[in-house]
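As a plain string of letters, each chain reads:
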Amino acid sequence: MIAAVLPAGAVSAEAFSDVPGGVAALFPAERQLVDGSVAGRQAEFGTGRACARRALAALGEPPAPILRDRFGAPGWPAGVVGSITHCDGFRAAAVARAEVIASLGIDAEPDAAVPDGVLEAITATPAERELITALQADLPEVSWDRLLFSAKEAVYKTWYPFALRMIDFSEAEILPFADTARSGGFTARLLSPGPLVGATRHDVLHGRWVARDGLLVCATALRADGTPPYPGHRHPGGAAVRSPRTPHSRD
């Protein structure tokens with residue numbers, strides 16, 4: 001599923017169940033990151049790292065520990081960028097050479113409505129709320145509020161390596177669109193100064209999404225040369241205003 005939303009130059013690996021013995025296969029420094037965690041958390045972590053190593057192997061990278069920074073973001077080998085995601089029934093990782101893709105973010109979520117109150121917490125602008133309401137009426141087979149959440153997670157994972165701080169849901173306005181009933185893209189208007197790649201400031205990011213088998217997956221990226229990661233991606237309109245802080249997860 002992740003491969004369907006990645007830009008050219010990125011490779012991925014995914015799993016729909018946890019790898020048997022995944023925790024035992026972790027490097028000692030990785031096991032320390034989940035020592036004391038419940039078994040389910042250890043299993044998803046082990047499978048996520050296994051996916052990451054499979055994706056890195058596709059780039060020719062040898063196995064190595066993938067640790068975390070103080071905000072929980074994975075630490076990749078020199079010259080590599082990437083992202084890991086997991087939700088019930090799905091784990092995945094995507095990586096790329098930094099000389100091709102400057103940053104990459106993926107997220108997977110169940111294709112189900114978010115709990116009460118979450119939409120209000122993650123909505124940055126009136127345009128987001130209006131668009132999500134309209135899309136839900138037109139294409140009810142997709143959980144658009146959950147897609148909004150997932151797209152923001154992917155955007156923040158792409159933005160984070162440049163910001164190196166916790167980024168709020170209120171700092172990006174997501175404007176999704178559908179190409180088919182089960183796939184499409186989104187534009188993310190950053191409401192704080194965006195990533196600086198080379199000499200280019202990116203205040204708009206673009207992403208893709210797909211809904212399949214009860215899951216939603218989203219991806220965004222910034223190319224190292226500043227060219228669009230998704231050629232032909234259209235740019236819906238919409239206003240941009242601020243709203244209150246909301247924390248969110250990382251990996």
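All figures in this text were calculated on a predicted structure; none of them were measured in a lab.

(A) View of the sheet that holds strand S3 (residues 90–97). An order of S1-S3-S2 is seen for the three strands of this open sheet, with the pairing classed as antiparallel. Strands with a single pairing partner mark the edges of an open sheet, and in this sheet they are strand S1 (10–15) and strand S2 (80–87). Between one strand and the next, the sheet's axes are offset by a mean angle of 10°, whatever the strand orientation. As judged from the eight bridges shared by S2 and S3, these two strands associate in the antiparallel manner. Following the sheet pairing, Ile84 is matched in S3 by Ala93.

(B) Representation of the nonpolar core in the model. One finds Trp144, Val155 and Trp209 to be the most contacted residues of the largest nonpolar core, which totals 33 residues. Elements with a contribution of two residues or more to this core: helix H3 (118–122), helix H4 (126–138), helix H5 (144–163), strand S5 (172–180), strand S6 (183–190), strand S9 (204–212) and strand S10 (215–223). Residues contacting Val155, with those up to four places away along its chain left out, are Ala172, Ile174, Phe186, Ala188, Leu190, Leu205 and Thr220. Ile2, Ala92, Ala108 and Leu215 belong to the second-largest nonpolar core, a separate cluster that totals 21 residues.

(C) Representation of the side chain of Thr125 within the structure. You can see Thr125 is positioned in the loop between H3 and H4. In this structure Thr125 comes out as buried when scored by relative accessible area, which is 3%. Side-chain polar atoms of Thr125 contact the side chain of Glu173, separated by 2.7 Å.

(D) Layout of the state of the cysteines. Taken as a whole and judged by the stated rule, the model has zero disulfides. For Cys51, which is in no disulfide, the shortest distance to another cysteine sulfur is to Cys87 and amounts to 12 Å. No disulfide involves Cys218; its sulfur sits 11 Å from that of Cys87, the nearest cysteine. For Cys218, a relative accessible area of 0% gives the class buried.

(E) Quick look at the packing of aromatic side chains. Using the criterion set out here, one finds six aromatic pairs in the structure. Aromatic side chains Phe71 and Tyr160 sit 6.1 Å apart centroid to centroid with 90° between the ring planes, which places their arrangement in the edge-to-face category. Of the two residues, Phe71 is situated in the loop between helix H2 (39–58) and S2 and Tyr160 in helix H5; the sequence distance between them amounts to 89 residues. Accessibility expressed as a relative area gives 6% for Tyr160, which makes it buried. Here the aromatic rings of Phe149 and Phe169 are separated by 5.6 Å at their centres, their planes lie at 45°, and the arrangement is tilted. With Phe149 in helix H5 and Phe169 in the loop between H5 and S5, the pair connects residues that are 20 residues apart, well separated along the chain. For the residue pair Phe149 and Phe169, the accessibility class agrees, reading buried in each case.

(F) Fine view of the sheet that holds strand S4 (residues 101–110). Strand order in this open sheet of five strands is S4-S10-S9-S6-S5, and the pairing throughout is antiparallel. One side of each edge strand has no neighbouring strand; the edge strands of this open sheet are S4 and S5. Mean inter-strand twist for the sheet, computed between neighbouring axes without regard to direction, equals 20°. Packing of H5 onto the sheet brings it into contact with S4, S5, S6, S9 and S10, and relative to S4 it is tilted by some 155°.

(G) Structural context of the pairing of S3. Of all eight residues that make up S3, seven are buried, and the element is covered over most of its length. Inspection of the sheet shows S1 paired to S3 by six bridges, in the antiparallel sense. Looking across to S3, one finds that Ala13 is bridged to Ala93. Hairpin connection of S2 to S3: two residues between the antiparallel strands, including Gly89 at a positive phi of 80°.

About the criteria used
- Residues numbered from 1 in each chain as written.
- Predicted model: local features only at pLDDT ≥ 70, side-chain atom pairs only at ≥ 80, totals over all residues.
- Heavy atoms only, no water.
- Pairing = 2+ DSSP bridges.
- Helix = DSSP H or I, 4+ residues; strand = E, 2+ residues; numbered from the N terminus.
- Axes fitted to C-alpha atoms, helices over the stretch in contact; angles between N-to-C directions.
- Core = buried A, V, L, I, M, F, W, Y, C linked by side-chain atoms within 4.5 Å.
- Buried < 20%, exposed > 50% of the residue type's maximum accessible area, 1.4 Å probe, protein only.
- Contact = heavy atoms within 4.5 Å.
- Polar contact = N/O pair within 3.5 Å; in protein donor to acceptor, adjacent residues only side chain to side chain.
- Disulfide = S-S within 2.5 Å.
- Phe/Tyr/Trp six-rings, centres within 6.5 Å; stacked < 30°, edge-to-face > 60°.

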